[in-house]
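Residues per chain are reported as follows:
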Amino acid sequence: MIFRETSQNINIYKNMCYFICYYSIHILNSFFLLRLSPSKHSSPPRISCFLLEMAAQEVASQPSDTLATLKTESETLKTKLEEERAKLHDVELHQVAEKTEALGQFVMKTRRTLKGHGNKVLCMDWCKDKRRIVSSSQDGKVIVWDAFTTNKEHAVTMPCTWVMACAYAPSGCAVACGGLDNKCSVYPLSLDKNENLAAKKKSVAMHTNYLSACCFTNSDMQILTSSGDGTCALWDVESGQMLQSFHGHAADVLCLDLAPSETGNTFVSGGCDKKACVWDMRTGQCAQSFETHESDINSVRYYPSGDAFASGSDDATVSLFPSCIFFKWRLLFGGYNDYTINVWDVLKGTRVSILFGHENRVSTLRVSPDGTAFCSGSWDHTLRIWA
Amino acid sequence: KTLRHFYYQMMLQMQDPSTGVKGTDQKLNITIIPHVITGQDIVAWITKNMNIDNDEAQAFGTMLVAFGYIYPLQDHKKLVLRPDGSLNRFQTPYFWPVQKWKAEDTDYGIYLAKRNIRKKGVLDAYEQEEYNKLHKWMNHKWDFIVMQAKEQYHAGKARQKADRVVFDCQERAYWIVHRPPPQTHSAMDYGLDRHIDPNVEEIIYTQQAVMRSRVKSSVSLGALAKYITTFKNHDPFLIPCLPSNPWHTDDDSYWELNAPDVEIPTKMRVERWSFSFYELLNDPRGRADFKIFLKKEFSGENLAFWEAAEELKWGTAASMSEKAEQIFKTFLAPGAPRWINIDGRTMGLTVKGLEHPHRYVLDGAQTHIFMLMKKDTFYRYLKSPVYKEIQKKAISPAQLQQNMRNRRPSIDPIITWQKEQEEKAKAAAAAGPVDIKKLMASKLDRK
């Protein structure tokens, strides 16, 4: 048991030590890959055009031809693909953004510092009321705060350490969390502050490895989870039944995000196999797959329009990498291992601001539902609200 | 189904004692295997009985091997039929490919574990890799798998040697087909690691990529730029929100004024409803205003149906059938009180699907109704007196400059939720069909 936990810890540390600083914004149904790298000069980056799509159709296998014929067929198809791409690539993002004004001076400060966790803060989520948050930490504690008043409203001690995932239910009446216990549990919150929340705990998801992320769908009744066992799954909260499982990643799945579309039927996941996959929740099929990173993908976030998503990864050799990202309209926020938060202008591809304040790596970051502030959680045991 | 039936008939005929392929007893290592057939005999039989030429017969024979109806005894990892004296056998029907029973990872795990128990180190490199992978994925089931493997191993030992050898060959052949070794093609390639030749896989990938519909960059990037511009004034990070950002001034009026159930919304909020149908529906206050408009148009059933379908989709598994029935009675049944107007085909498919309801059974109908509202009703709403009125009524709070130092607590979300549920129940009761008996009873009471 001890051995198992240690090897899992190593895995988690390995996954968190990233060395890349690329954000890629994948625009679905198109070819664009917008790379944002925090170079000192922050000049508009090159927009690279890559093939990003793969339809998930079953193709009947055929007896293999000779290697030579296969290779030539492959080459001809690739050339055809390049031609198709070139035809469609009629503008660059900076051309489209030329007419847009640059952003003015950008000032953001820490407005609240939430102290109370005894160890690294690993995850946080906002409540729909725009002021409450839930946060989870390595010490096994999950705390619900009213961030506006900085009061702690609820606290739960999990039976495991490293609570890597937590989420607030859409109704505001429950929270979900999990981590090294390989489970995702739902705790209904109570109006009685003295009530022991652990008594009403519901074990919903069961994976065969650590829980890396969890997220409620449009209701309190379903939870989407991703795990170190390489799968994602959709669960019915009331019965604990698995409604759908999503197989396709070849290694640990580190992050997921639900699409904010009106139909709300898809989500994106990113994993240690360098792939970001877009899934259809109804069928369990991978609708699109993106393999443009060169290392583990730590964070994926949908754009509010639902047409694009961003992924943060630890690709390269620069010792500056984002471990968490969040999108909101024109701005993209990234928490880095050098303890800062970088703010990017999505349209111009430039960095707008660097925010200092945390005394250790920033592990989680989310903008509030109405966009008035964002919250960052860090290994320095605190959460900060910025506005 | 007909294809499988065809193969079944073919197999019967091929194994017919008088007119089928002639089998003999052959010695394999030290055991005698019965009913062994040679490749050339198979090809000859197919040529004669299917009336095709030799090459086609060989191709067809290879297909039978690829599907696992016939298996080679020598060089068993290559699923091809060699038109020579090579030895083959008919696979037992138990191991024929059947649609209903896919070769599960659990069974494969048991098979590999069993072989490991029998003799360590007997697994091939690719099998050992699969074994390790399965051990990792199915860790929680591993005790069960080892137990099953041991049971099967002991059961096998109890058989006669010849039978055991034959069964082992059959089972081995089955797994070669369903979990092909690298560089082997079987007709049953499926599973987490598809063993397609990587070159073929790349071709398939590229083919599909070429065929995929896509838009010009000017269109997709243009859409992104437009979206950003639309929301420019609504981004509190870029333009100060009125009266103030609560986090700056410690004053939560902004949240009070934008509460989900507020009576008079702000001008910014009302403007946002016009950006897209999704924005309107997503805002509870916007949806409420839209409902007022629909009531005036007597077309409230569309939104009601959409909401009911959402509740079905996101509801608990236990409530599925009850909700589906309720929806059918209220919106879809002929003469239903809130009958929705959808095309005959969608209605037919939906009603049929409701015989075995699942959470996505209303998808077709829901999308149809949603598109109808999005493309038509929404735009009429924006031009309607209802919307114009709320635009006029909407307030524009003055900007607050100073820090109010008023970090007051808010109502617990649980209480807000309970209130919302009560309102919903009241509204549902008001909209539902009137119970005449109750109505009469209350009238009598008052008398």
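Small disclaimer: the values here were computed from a predicted structure and weren't measured. (Residues numbered from 1 in each chain as written. Chains lettered and ligands numbered in written order. Predicted model: local features only at pLDDT ≥ 70, side-chain atom pairs only at ≥ 80, totals over all residues. Heavy atoms only, no water.)

Here the focus is the environment of I133 of chain A. Tracing the backbone through its elements, the reader meets I133 of chain A in strand β6 (residues 132-137). Apart from the residues lying within four places of it in its own chain, the contact partners of I133 of chain A are L114, M124, D125, W126, I143, V144, W145, Y168, C375 and L383 of chain A. (Helix = DSSP H or I, 4+ residues; strand = E, 2+ residues; numbered from the N terminus. Contact = heavy atoms within 4.5 Å.)

This paragraph deals with the state of the cysteines. According to the stated counting rule, one finds zero disulfides over all chains in the structure shown. There is no disulfide at C286 of chain A, and the cysteine sulfur nearest it, in C277 of chain A, is 3.8 Å away. (Disulfide = S-S within 2.5 Å.)

Attention shifts here to the side chain of H234 of chain B. Structurally, H234 of chain B can be placed in the loop between α9 (217-230) and α10 (246-249). For H234 of chain B, a relative accessible area of 10% translates into the label buried. At a separation of 2.5 Å, a polar atom in the side chain of H234 of chain B contacts the side chain of E271 of chain B. In this structure, H234 of chain B is in contact with W329 of chain A together with M268, E271, R272 and F275 of chain B, ignoring residues within four places of it in sequence. (Buried < 20%, exposed > 50% of the residue type's maximum accessible area, 1.4 Å probe, protein only. Polar contact = N/O pair within 3.5 Å; in protein donor to acceptor, adjacent residues only side chain to side chain.)

For any pair of aromatic rings, geometry is given as the distance between the ring centres together with the angle between the planes. All names here are of chain A. Scanning all chains against the criterion turns up 30 aromatic pairs over all chains. Between the NZ or CZ atom of K120 and the centre of the ring of W379, over which it lies, the distance is 5.1 Å. Over the ring of W344 we find R351, and its NZ or CZ is 5.9 Å from the ring centre. (Phe/Tyr/Trp six-rings, centres within 6.5 Å; stacked < 30°, edge-to-face > 60°. Lys NZ or Arg CZ within 6 Å of the ring centre and 35° of its normal.)

What follows covers the UniProt feature "repeat: WD" (unreviewed entry) in chain A. Feature annotation in UniProt assigns "repeat: WD" (unreviewed entry) to the following positions: residues 114-155, 204-245, 246-289, 290-321 and 355-387 of chain A. Annotated as residues 355-387 of chain A, this span is 0% helix and 52% strand, and its ends, taken at the C-alpha atoms, are 11 Å apart. (UniProt positions renumbered as here; feature names shortened; annotations may be inferred.)

Next up on the list: the sheet that holds strand β3 (residues 70-72) of chain B. Residue and element names in this part refer to chain B. On the basis of which strands lie adjacent, the open sheet formed by four strands has the order β1-β2-β4-β3 and antiparallel pairing. Since the sheet does not close on itself, it has two edges, and those belong to β1 (24-28) and β3, each with one partner. Neighbour-to-neighbour, the strand axes of the sheet open up by a mean angle of 55°, direction not taken into account. Inspection of the sheet shows β3 paired to strand β4 (residues 87-90) by three bridges, in the antiparallel sense. Across the sheet, the residue bridging to I70 is F90, located in β4. Running over the sheet, helix α7 (residues 161-178) touches β2 (31-38), β3 and β4 and is turned about 45° from β2. (Pairing = 2+ DSSP bridges. Axes fitted to C-alpha atoms, helices over the stretch in contact; angles between N-to-C directions.)

Another point: the packing of helix α14 (residues 284-297) of chain B against helix α15 (residues 300-314) of chain B. All names here are of chain B. Viewed as axis vectors pointing N to C, α14 and α15 meet at an angle of 140°, and their least axial separation amounts to 8 Å. Overall, the two elements α14 and α15 adopt an arrangement that is oblique. Together, R287, F290, K291 and L294 of α14 and G300, L303, W306 and E307 of α15 make up the contact between the two elements. By residue class, the composition of the contact of α14 with α15 is four nonpolar, one polar and three charged. (Parallel < 35°, antiparallel > 145°, perpendicular 65-115°, else oblique. Nonpolar A, V, L, I, M, F, W, Y, C, P; charged D, E, K, R; others polar.)

With an omega dihedral of 0°, the bond running from L242 of chain B to P243 of chain B counts as a cis peptide bond. Following the sequence through the fold, P243 of chain B ends up in the loop between α9 and α10. The backbone phi angle of K130 of chain A is positive, close to 70°, even though this residue is not glycine. As for its placement among the helices and strands, K130 of chain A is situated in the loop between β5 (121-126) and β6. For D75 of chain B, which is not glycine, the phi dihedral falls at a positive 50°.

Another aspect to go through is the sheet that holds strand β19 (residues 276-280) of chain A. Residue and element names in this part refer to chain A. Pairing is antiparallel across the open sheet formed by four strands, whose spatial order is β17-β18-β19-β20. Edge strands, defined here as strands with exactly one partner in the open sheet, are β17 (253-258) and β20 (286-290). Each neighbouring strand pair of the sheet contributes to a mean axis angle of 20°, computed without reference to strand direction. Where β19 lies against β20, four bridges are found, and the strand directions are antiparallel. The residue bridging A276 from the neighbouring strand is F290, located in β20.

This next bit is on the nonpolar core. Residues and elements named next belong to chain B. Grouped together as the largest cluster of nonpolar side chains are 38 residues, with contacts concentrated most on M11, M14, I42, I46, L64 and I70. For this core, the secondary-structure elements that each account for two or more residues are α1 (2-14), α2 (39-50), α3 (54-67), α4 (105-118), α5 (125-137), α6 (142-157) and α7. A per-element tally of this core places α4 first, with five residues. For this core, the domains that each give at least three residues are domain 1 (1-95) and domain 2 (105-158). If we skip the residues at most four places from it in the chain, L64 touches Y7, M11, M14, I46, Y69 and I70. By size, the runner-up hydrophobic cluster in this structure holds 37 residues, among which are W273, I340, M373 and Y381. (Core = buried A, V, L, I, M, F, W, Y, C linked by side-chain atoms within 4.5 Å. Domains from an automatic or database assignment.)

The next thing to look at is the environment of D252 of chain B. Examined against the element boundaries, D252 of chain B turns out to sit in the loop between α10 and α11 (253-257). On the basis of relative accessible area, D252 of chain B is assigned to the buried category, the value being 3%. Along the primary structure D252 of chain B and M404 of chain B are separated by 152 residues, whereas in three dimensions their C-alpha atoms are 9.4 Å apart. Excluding anything up to four places from it in sequence, D252 of chain B contacts R131 and F148 of chain A together with P246 and R408 of chain B.

Another point: a nonpolar patch on the surface. On the surface, a cluster of nonpolar side chains totalling about 250 Å² of accessible area is made up of L191 of chain A together with I411 and I415 of chain B. Within the secondary structure layout, I415 of chain B lies in helix α20 (residues 413-431). (Patch = residues over 30% accessible without salt bridge, like charges linked within 9 Å, V, L, I, M, F, W, Y side chains within 5 Å. Areas by Shrake-Rupley, 256 points an atom, 1.4 Å probe, with all protein chains shown as cover. Salt bridge = Lys/Arg side-chain N within 4 Å of Asp/Glu carboxyl O.)

Below, the discussion takes up the environment of T350 of chain B. Residue and element names in this part refer to chain B. Within the secondary structure, T350 is located in helix α17 (residues 344-353). Expressed as a C-alpha distance, the spacing of T350 and V361, which sit 11 residues apart in the sequence, is 6.7 Å. Among the polar contacts listed, one links the side chain of T350 to the backbone oxygen of T346, at a separation of 2.6 Å.

Turning next to the side chain of R301 of chain A. All names here are of chain A. With respect to the element layout, R301 can be found in strand β21 (residues 297-302). R301 sits in the buried class, given a relative accessible area of 10%. One polar contact links R301 to D257, side chain to side chain, over a distance of 3.5 Å. Sequence-distant contacts of R301, defined by excluding residues within four places in its chain, comprise L256, D257, A308, F309, A310, I325, F326, F327, L365 and R366.

The final tally for this structure, using the stated rule, is 33 salt bridges over all chains. Note that E310 of chain B and K313 of chain B form a salt bridge whose closest N and O atoms lie 3.5 Å from each other. Residue E310 of chain B and its partner K313 of chain B are located together in helix α15, separated by three residues, close to a single helical turn. By sharing partners, the salt bridges in this structure join R131 and D146 of chain A together with D252 and R408 of chain B into a single network.

Given a rise of 1.5 Å per residue, 12 residues ought to cover 16 Å, and the 16 Å separating the end C-alpha atoms of α2 of chain B matches this to within 8%. One or two residues past the end of α2 of chain B sits N51 of chain B, with phi positive at roughly 60°. (Expected span 1.5 Å × (residues − 1).)

Let us now look at the packing of α15 of chain B against helix α16 (residues 320-332) of chain B. Residues and elements named next belong to chain B. Contact geometry for α15 and α16: axes closest at 10 Å, N-to-C directions at 170°. Considering the angle they form, α15 stands roughly antiparallel to α16. Contact with α15, carried on its side by E301, A304, F305, A308, A309, E311 and L312, involves M320, K323, A324, I327, F331 and L332 of α16 and no other residues of that element. Residues belonging to the contact of α15 with α16 are distributed by class as follows: 10 nonpolar, no polar and three charged.

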